[in-house]
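What the coordinates show
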Protein chains: 4
Amino acid sequence: MPSQDLRVAVIGAGLMGADHVERIAHRTVRAEVSAVVDIDAERAAGAAKAAEGAQCFTSVEELLQAQAADAVVLATPGFLHEEALLKILEAGLPVMCEKPLTPDPESSLRVIEVEKAAGRQLIQVGFMRRFDAGYRRLKQIIDSGEYGELLMLHHQHRNASTPETFTDEMLIHDSVVHEFDAVRFFSGEEISNVQVRSGRRSSLATKLVRDPQHVTIQTASGLLADVEIFVNAQLGYQVHTQASFERGVVKIGESGGHEFTAEQVTGRQIDQSFHTRFVDAYDAEIQQWVDDVLAGQVTGPNAWDGYAAAAVCAAGAKAQSEGGIVDVELAEKPDFYA
Amino acid sequence: MPSQDLRVAVIGAGLMGADHVERIAHRTVRAEVSAVVDIDAERAAGAAKAAEGAQCFTSVEELLQAQAADAVVLATPGFLHEEALLKILEAGLPVMCEKPLTPDPESSLRVIEVEKAAGRQLIQVGFMRRFDAGYRRLKQIIDSGEYGELLMLHHQHRNASTPETFTDEMLIHDSVVHEFDAVRFFSGEEISNVQVRSGRRSSLATKLVRDPQHVTIQTASGLLADVEIFVNAQLGYQVHTQASFERGVVKIGESGGHEFTAEQVTGRQIDQSFHTRFVDAYDAEIQQWVDDVLAGQVTGPNAWDGYAAAAVCAAGAKAQSEGGIVDVELAEKPDFYA
Amino acid sequence: MPSQDLRVAVIGAGLMGADHVERIAHRTVRAEVSAVVDIDAERAAGAAKAAEGAQCFTSVEELLQAQAADAVVLATPGFLHEEALLKILEAGLPVMCEKPLTPDPESSLRVIEVEKAAGRQLIQVGFMRRFDAGYRRLKQIIDSGEYGELLMLHHQHRNASTPETFTDEMLIHDSVVHEFDAVRFFSGEEISNVQVRSGRRSSLATKLVRDPQHVTIQTASGLLADVEIFVNAQLGYQVHTQASFERGVVKIGESGGHEFTAEQVTGRQIDQSFHTRFVDAYDAEIQQWVDDVLAGQVTGPNAWDGYAAAAVCAAGAKAQSEGGIVDVELAEKPDFYA
Amino acid sequence: MPSQDLRVAVIGAGLMGADHVERIAHRTVRAEVSAVVDIDAERAAGAAKAAEGAQCFTSVEELLQAQAADAVVLATPGFLHEEALLKILEAGLPVMCEKPLTPDPESSLRVIEVEKAAGRQLIQVGFMRRFDAGYRRLKQIIDSGEYGELLMLHHQHRNASTPETFTDEMLIHDSVVHEFDAVRFFSGEEISNVQVRSGRRSSLATKLVRDPQHVTIQTASGLLADVEIFVNAQLGYQVHTQASFERGVVKIGESGGHEFTAEQVTGRQIDQSFHTRFVDAYDAEIQQWVDDVLAGQVTGPNAWDGYAAAAVCAAGAKAQSEGGIVDVELAEKPDFYA
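Predicted model only: the values in this text are computed from it and were never measured. (Residues numbered from 1 in each chain as written. Chains lettered and ligands numbered in written order. Predicted model: local features only at pLDDT ≥ 70, side-chain atom pairs only at ≥ 80, totals over all residues. Heavy atoms only, no water.)

Re the overall build of chain A
When its secondary structure is counted, chain A shows 10 helices and 15 strands. Computed over the C-alpha atoms, the radius of gyration of chain A is 20 Å, within 12% of the 20 Å expected from 2.2 N^0.38 for a compact globule of 338 residues. Viewed in the frame of its principal axes, chain A has a C-alpha envelope of about 55 × 55 × 45 Å. Each of the 338 residues in chain A was classed as buried or not, and the buried ones make up 59%. Within the structure as shown, chain A displays about 12400 Å² of accessible surface, and the carbon and sulfur contribution to it stands at 50%. (Helix = DSSP H or I, 4+ residues; strand = E, 2+ residues; numbered from the N terminus. Rg over C-alpha atoms; globule rule 2.2 N^0.38 Å. Buried < 20%, exposed > 50% of the residue type's maximum accessible area, 1.4 Å probe, protein only. Areas by Shrake-Rupley, 256 points an atom, 1.4 Å probe, with all protein chains shown as cover.)

So, in structure tokens, the structure goes:
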């Protein structure tokens, strides 16, 4: 008989958490949702309906005391991550922490210290794009050397629109953070410096954000990457990457699906949200995390990746206000994450 | 706690059966492989390695006697299906029968009679294309009436190459049978007549097959569909469909994946086999079948679909030798399958 | 000094003729419009405005008597072609005759007899697609043998809509005639038989035409070609050809131009009429004809091509009413056209 | 009768000049090549063979003295332009000057002073991309406001390879100069500043050039544009532009032509040189110049455009060595060019 399914608790029953409950309950092999935790008991109960047999709690402490989970998905707002992570690590539970690890490099470093003290890696960070089929394929191509060495990366990241409260800083921390991680993922290197320039502003952009912006990223060995970030692009949700090699160019993320011809146009529909664009990546992310937890390992993005992203975001926010090239300040990487 | 997983036996441990063992063991939710059956005990044991805890048997009788399964995947060669299906139906087990249901309409009708006598539908037939994302999308578009009524279907079906033993008749029964089912699926109608023409023959075709051939299909209400079938096309495995509507045209099956530019070409790689082209469709097919079995229903292609395909294949084979338009002979459809 | 420009008379000052006046006057090298002929003097004068120095006439006789042209473009309605051609041939003038050569094979044969009697080829027929860049490229690829032998041709021909007076017969004679010529052009062979089937009819089709229809064409050596003809397709004007070879497939005619992404779609605009779709082909056709006339030769589609198209159209119209495969009746080809 | 053809002299019978001789002699309406000028008499005679009746000269003075031309195409190396232009302007002849106008902003300003003194514009500069169908279409879309205001431009410019002598400075002056002009053309604005960054260097790049490089351009009103310039990209010749608007994105320059499927790939061939990529643009450029000369006007890129490009190149070359953002120094624009 197959071994027992992994009992997973989902902490935070908002949009993202509820999604994970549904995913783990119905589309993930070798795992079940054993508990849903939310300070709002009603919200927890609502999300738990999708998972037969799941218990509900209103705090991490209750969950841990009840020993109702073998592993945890942390989907609360980022500013609550540090406190929760410390308790989860203390209990020795593996955790899939939605991005960001924490909102700033200092708190991320504190989490890293505690994980190191625990003696084994327990944290995976939710950079789900690393599990997208296109990202994986491009990573393979880069590593294979099929087209020679990677020379440049060009990213396009477009959202249909943002809430009125969306700020310049959120454009870095919530949106471009994905490209920061992507550049680290593709290059296998740390990021050395960041530059952010903004030019003409869309009249359709919300008030608090200069939109679009152009971000240039350079890695330790000198690789240049850039990002066209446009979060009020109206047309839908698009994430493209183009990699230039010594002997070829590879593009991922172009619109797939069916081709239609109607009303004088031949074309394809584009995704309207990251939910549909990356639904398969989320599924693959959680499945691999479950498999890794059962195997006692972390192979996805780890706490160091979460810290490094926070450090680059800090430099990016500084670059936004300064205009020039800003160096990234990074602690020395512990062998623990080698 | 979630309810018990469905115990599935896979009968036939060849390429297809072994694939299903691996799929159910590792990528299917709410199911486990409880048994593998093959007349060759070693082959059964080999396939069973992928599924922790699976028992092995060398005959359907042993399997049934041991009561080691709640449901069955039948993946033996087609000429063995009738005998196995009758035993499985007698035991009252749901079965996912790889195509064909049986090799000819007469034996398919006999299976239908036994299923009808059983009083409830137990058989799903393995027309996996119905679970392909593109096929599902096109079916939705047709049913939605978004572009008006469906007027024509154009299919292209290419294989890289065939074994030397591949015959004209196999071209109909093993290859075009998928388009016969596709036309029935998309139109929601029975096929009335079939015409097959062959013209210039590829010098790279294997000896026993005229290749390529052109097949024209007409449904009960008059809808025309055609198929370019080319099984020694060298270039890879391609399955495209183009649907023409009153106010638009939709294409599915074009090459996806990443775009590369190298050596003077911008392009995309094409699949080399149906395994990679339809891997997601197979996964979706089995998952939905498991969900349906747990819900006590058949929503996928059923025994009648299997019979109708066999009847159209019989007409197709006749059309190959005659050149003209051949009518399909079909029994009256029992209300049982309404 | 460069030699004198070719003096071209355009006969017929309707839409097509006026187009040619403008083309020859402004976009054709080594030619000038010396005369415009139309039974309606006002219409002739209107068209002639685009060509500085062009004289106007109301009959072919007047034109010939005035010796005002070195060569002629004949753009009157098809039923007037025979009479005009005989006079032009008698005068020994080279002529670019818009399609059809004449409306039926019998009259085309009579024209051929007169041209033969004249002792040298003087007629080019306006199958302008042969001058389209895509058609030329595909013809080169076929002749090169780059992908092995040509095995199948698949054509799609769509118009946005037709006038209310458009009939089944016009669908063959005015629309599919282009594909009949294309198959002869690509294959370098005569067409042996034709089959026409119609299925579901678009509710948006005009009253006198079954639309769409499916045409199958076979050449002397057995090559199969088919045509999806849909003249009320609403979406615009599209002419695609796909050629299947022993080791590859080539498509021409897909929408070009710029790619746009807006309102949830990534796509390209499609042409709305044959004027825009084939404007470059018309220009190239006339330029090459002028060059050929100056060199004393006919290298484009000749009178035999015009006759053969008329013969295939006659078979096509018969096939429309009969449903089965209809053989094409063709006179023996004179060495004169070898 | 049509008026007399424009008598054009081509000065410089190298690759580019010989191309123009052939173009004007055979593909340009209302113009003839009346003279070919080259210091190497044999080379002049060689090029002149393509143009019936053309005289040959070995100096601009001889040409002018013989009064053998109504207008001039100047296709000598750039460092010889100033001297030739002054003589041509003095003779009052219209001139199509291949890029660059002159190699540096100072000499370009001197040419401008002389043209101003002549009292009317006589110079067009050979930025042929402005005559490319894609460029024209994008310019129309920008000016139409169809997708709202233009917000960002992203350019890709790739050459297969460079001669060993190709330097960093040539990368700016010979290659990126086209994008400098493109940004001015599309935006209708002067360029304010330029930044050039280089990262990883291709091991296949020739010795004297850091390759690829990334160039950021900002216009007077703040519009950001960037250029991926990669002159040893191996794969062929590619020039793409992507324009992001408030409500849409438009791409031009993607590979056109036929689509092929063979050897496991579906794709399109890419151009191997600027000759094939921009052949139609060169033809359109010369035709429009001829038409403009006959109409006594300059509507293409003028001497001011040539000067501005030289000024931006000077800033670009400085930016290459400095890394930061370098302001462009520009004289005040005379009303003469308004």
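Overview of the sheet that holds strand S6 (residues 123–125) of chain B
All names here are of chain B. Spatially, the 6 strands line up as an open sheet ordered S3-S2-S1-S4-S5-S6, and their pairing is parallel. With one partner strand each, in any of the chains shown, strand S3 (55–57) and S6 form the two edges of the open sheet. In this sheet, neighbouring strand axes are inclined to one another by 25° on average, regardless of whether the strands run parallel or antiparallel. Here 4 bridges tie strand S1 (residues 6–11) to strand S4 (residues 71–74), and the two strands are oriented parallel to one another. (Pairing = 2+ DSSP bridges. Axes fitted to C-alpha atoms, helices over the stretch in contact; angles between N-to-C directions.)

Overview of the interface of chain D and chain C
It is common to report an interface's size as the accessible area lost on association of the parts. With 30 residues of chain D in contact, the opposing surface of chain C contributes 30 residues. Roughly 2300 Å² is buried in total at the junction of chain D and chain C, and carbon and sulfur atoms are behind 48% of that figure. Between chain D and chain C we count 2 salt bridges in total. One salt bridge in this structure joins Lys251(C) and Glu259(D), with 3.8 Å as the shortest N-O distance. Linking chain D with chain C are 4 residue pairs in polar contact (both at pLDDT 80 or more), by the criterion used here. (Contact = heavy atoms within 4.5 Å. Buried area = accessible area lost by both parts, 1.4 Å probe. Salt bridge = Lys/Arg side-chain N within 4 Å of Asp/Glu carboxyl O. Polar contact = N/O pair within 3.5 Å; in protein donor to acceptor, adjacent residues only side chain to side chain.)

With respect to the pairing of strand S4 (residues 71–74) of chain A
Looking down a regular strand, the side chains alternate between one sheet face and the other. All names here are of chain A. Here S4 shows no split at all, with Ala71 and Val73 on one side and Val72 and Leu74 on the other all buried. In the sheet, S4 pairs with strand S5 (residues 95–97) via 3 bridges, with the strands oriented parallel. Among the inter-strand pairings, Val72 is bridged to a residue of S5, identified as Val95. Once you follow S4 into helix H4 (residues 81–90) and on to S5, the crossover reads as right-handed. (Right-handed = clockwise from strand over helix to strand, strands pointing away.)

Examining the relation of the copies chain A and chain D
Of the transformation superimposing chain A on chain D, the axial component is 0.0 Å and the angular component is 180°, with the fit at an RMSD of 0.0 Å. Such a combination of turn and shift is consistent with a two-fold rotation axis. Among all residues of chain A, the minimum C-alpha distance to the rotation axis is found for Gly324(A), at 3.8 Å. Here 100% of the contact residues of chain A are again contact residues in chain D; the copies associate through an equivalent surface. (Least-squares fit on C-alpha atoms with pLDDT ≥ 70 in both.)

A short note on the interface of chain A and chain D
Of the residues lining the interface, 44 residues belong to chain A; the matching set on chain D comes to 44 residues. Here chain A meets chain D over a buried area of about 3500 Å², counting both sides, of which 51% is carbon and sulfur. Ranking the residues of chain A by area buried against chain D places Arg197(A), Arg200(A) and Glu246(A) at the top, with a combined share of 24%. Per element, the largest residue contribution to the side of chain A that touches chain D is 6 residues, and it comes from strand S7 (residues 150–158) of chain A.

Section: helix H2 (residues 41–48) of chain C
Residue and element names in this part refer to chain C. Where H2 is concerned, the buried positions are Ala44, Ala47 and Ala48. An end-on view of H2 places all buried positions within 100° of arc, on one side of the element. Residues of H2 that are buried sit in contact with helix H1 (15–27), strand S2 (31–37) and strand S3 (55–57). Structurally, the start of H2 carries an N-cap: the backbone nitrogen of Glu42 is 3.0 Å from a side-chain oxygen of Asp40. (Arc of directions from axis to C-beta.)

Brief notes about the pairing of strand S11 (residues 238–245) of chain C
Residue and element names in this part refer to chain C. Across the 8 residues of S11, 8 count as buried, placing the element largely inside the fold. Neither face of S11 is left uncovered, since the one carrying Gln238, His240, Gln242 and Ser244 and the one carrying Val239, Thr241, Ala243 and Phe245 both have all their residues buried. Bridge count between S11 and strand S12 (residues 248–252): 5 bridges; the pairing is antiparallel. Paired with Phe245 across the strands is Gly248, a residue of S12. Linking two consecutive strands that pair antiparallel, namely S11 and S12, is a turn of 2 residues.

Concerning the side chain of Ser107(D)
Looking at the element boundaries, Ser107(D) is found in helix H5 (residues 105–118). Other than its neighbours up to four places away in sequence, Ser107(D) contacts Glu82(D) and Thr102(D).

Comments concerning the UniProt feature "domain: GFO/IDH/MocA-like oxidoreductase" (unreviewed entry) in chain A
Per the UniProt annotation, the sites labelled "domain: GFO/IDH/MocA-like oxidoreductase" (unreviewed entry) are residues 135–250 of chain A. Across residues 135–250 of chain A, the secondary structure splits into 26% helix and 36% strand, with the terminal C-alpha atoms separated by 11 Å. (UniProt positions renumbered as here; feature names shortened; annotations may be inferred.)

Observations concerning the packing of aromatic side chains
Applying the stated criterion to the full structure yields 36 aromatic pairs over all chains. Judged by centre distance (6.2 Å) and plane angle (80°), the rings of Tyr237(D) and Phe278(D) are edge-to-face. Here the residue Tyr237(D) occupies a position in the loop between strand S10 (224–230) and strand S11 (238–245), and Phe278(D) occupies one in the loop between helix H8 (274–277) and helix H9 (279–295), the gap between them amounting to 41 residues. As far as burial versus exposure is concerned, Tyr237(D) and Phe278(D) are alike and both buried. For the cation-ring pair, Lys139(A) lies above Phe185(A), with the distance from its terminal atom to the ring centre recorded as 5.5 Å. If you follow Arg277(D) out to its NZ or CZ, it ends over the ring of Phe278(D), 4.3 Å from the centre. (Phe/Tyr/Trp six-rings, centres within 6.5 Å; stacked < 30°, edge-to-face > 60°. Lys NZ or Arg CZ within 6 Å of the ring centre and 35° of its normal.)

Concerning the relation of the copies chain D and chain C
The two copies are related by a screw operation: chain D maps onto chain C through 180° of rotation and 0.0 Å of translation along the axis, at an RMSD of 0.0 Å. Both copies contact each other with a shared surface, as 100% of the interface residues of chain D are interface residues in chain C too.

Here we look at the UniProt feature "domain: Gfo/Idh/MocA-like oxidoreductase N-terminal" (unreviewed entry) in chain A
The sites that UniProt annotates as "domain: Gfo/Idh/MocA-like oxidoreductase N-terminal" (unreviewed entry) are residues 6–126 of chain A. Helix makes up 42% of residues 6–126 of chain A and strand 21%, whereas the separation of the span's terminal C-alpha atoms amounts to 19 Å.

Considerations on the packing of helix H6 (residues 133–144) of chain C against helix H7 (residues 168–187) of chain C
Residue and element names in this part refer to chain C. Here H6 crosses H7 at 40°, and the two axes come no closer than 9 Å. For the pair H6 and H7, contact is made by Tyr135, Leu138, Lys139 and Ile142 and by Ala182, Phe185 and Phe186, respectively. When grouped by side-chain class, the residues that make up the contact of H6 with H7 number 6 nonpolar, no polar and 1 charged. (Nonpolar A, V, L, I, M, F, W, Y, C, P; charged D, E, K, R; others polar.)

Examining the sheet that holds strand S4 (residues 71–74) of chain C
By definition, the strands of a sheet pair up through backbone hydrogen bonds, in either a parallel or an antiparallel sense. Residues and elements named next belong to chain C. Spatially, the 6 strands line up as an open sheet ordered S3-S2-S1-S4-S5-S6, and their pairing is parallel. Of all strands in the sheet, those with a lone pairing partner are S3 and strand S6 (123–125), marking the two edges. Ignoring strand direction, the axes of neighbouring strands in this sheet form an average angle of 25°.

Some points on the pattern of salt bridges
Taken as a whole and judged by the stated rule, the model has 95 salt bridges over all chains. One salt bridge in this structure joins Arg200(B) and Glu149(C), with 3.7 Å as the shortest N-O distance. Note that Arg200(B) is positioned in the loop between strand S8 (191–198) and strand S9 (213–219) and Glu149(C) in the loop between H6 and strand S7 (150–158), a pairing that runs across two chains. We note a salt bridge from Asp132(D) to Arg277(D), for which the minimum N-O separation is 3.4 Å. Highlighted residues: Asp132(D) in the loop between strand S6 (123–125) and helix H6 (133–144) and Arg277(D) in helix H8, separated in sequence by 145 residues. Neither Asp132(D) nor Arg277(D) differs from the other in exposure class; each is buried. Among the ionic contacts, a cluster of salt bridges with common partners joins Asp19(A), Glu22(A), Arg23(A), Arg27(A) and Asp283(A).

Examining the environment of Lys139(A)
Note that Lys139(A) resides in helix H6 (residues 133–144). It is 29 Å that separates the C-alpha atoms of Lys139(A) and His26(A), two residues lying 113 residues apart in sequence.

A closer look at the packing of H1(C) against helix H9 (residues 279–295) of chain C
Each pair of packed helices can be summarised by the angle the axes make with each other and by the distance between the axes. Residue and element names in this part refer to chain C. In the contact formed by H1 and H9, the axes pass within 11 Å of each other and the chain directions differ by 65°. Accordingly, the angle class assigned to the pair H1 and H9 is roughly perpendicular. H1 and H9 meet at a crossing whose hand is right-handed. Contact with H1, carried on its side by Met16, His20, Arg23, Ile24 and Arg27, involves Val279, Tyr282, Asp283, Glu285, Ile286 and Gln287 of H9 and no other residues of that element. Here the contact of H1 with H9 is built from residues that sort into 5 nonpolar, 2 polar and 4 charged. (Parallel < 35°, antiparallel > 145°, perpendicular 65-115°, else oblique. Left-handed = near helix turned anticlockwise from the far one by under 90°.)

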